[in-house]
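Chain and residue survey
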Amino acid sequence: MSDLLERLRARGWRLTSQRRVVAEVLDCEHVHLTADEVHARAAGRLPEISRATVYNALGELVTLGEVVEVSTDGRAKRYDPNAHRPHQHLICSGCGLIRDVHPTGSPLAGLPAEERFGFTVSGVEVTYRGLCPACA
């Protein structure tokens, strides 16, 4: 059983066959899929699943905080199932592929106290951009 499915079971989220297949698709790889990509992969496993069901399930997962919606550069929203593990993103400027990365060290180390302007920092978002091997 996947990590996402375990978390959803622990929360008591009703796992219908449609919801289960959406969660399984999201948890297969840590590639951030669009809703249409989730639907295409889910339909490969459960042909009768509708696009509306996929959108509804994704919306519920985001509301629950189990999946993070990632929006970049006006492209289609993508869904990150890695909501509970601190990480940063590497985004291809060509095709929009998003991968999770886990650099060593604290991202706050690069922000000196005088550049925090008295803020108590509660979170950091770092995005790396470049071209994936397919686009390079």
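Rules behind the numbers
- Residues numbered from 1 in each chain as written.
- Predicted model: local features only at pLDDT ≥ 70, side-chain atom pairs only at ≥ 80, totals over all residues.
- Heavy atoms only, no water.
- Pairing = 2+ DSSP bridges.
- Helix = DSSP H or I, 4+ residues; strand = E, 2+ residues; numbered from the N terminus.
- Axes fitted to C-alpha atoms, helices over the stretch in contact; angles between N-to-C directions.
- Parallel < 35°, antiparallel > 145°, perpendicular 65-115°, else oblique.
- Left-handed = near helix turned anticlockwise from the far one by under 90°.
- Contact = heavy atoms within 4.5 Å.
- Nonpolar A, V, L, I, M, F, W, Y, C, P; charged D, E, K, R; others polar.

Concerning the sheet that holds strand E3 (residues 78-80)
With respect to topology, three strands assemble into an open sheet ordered E1-E3-E2, the strand pairing being antiparallel. The open sheet is flanked by strand E1 (33-34) and strand E2 (68-70), the only strands paired with a single partner. Looking at chain direction, E2 and E3 are connected through three bridges and run antiparallel. Considered in E3, the bridge of Glu69 is made with Tyr79.

Thoughts on the packing of helix H3 (residues 35-45) against helix H4 (residues 51-64)
Two elements in contact, H3 and H4, have axes separated by 9 Å at closest approach and are oriented at 120 degrees. By the angle between their axes, H3 is oblique relative to H4. For the crossing formed where H3 meets H4, the hand is right-handed. Contacts between H3 and H4 involve Ala35, Asp36, Val38 and His39 from the first element and Arg51, Val54, Tyr55 and Leu58 from the second. Its residues placed into classes, the contact of H3 with H4 shows five nonpolar, one polar and two charged.

Keep in mind that these numbers describe shape and distance, not what the molecule does.
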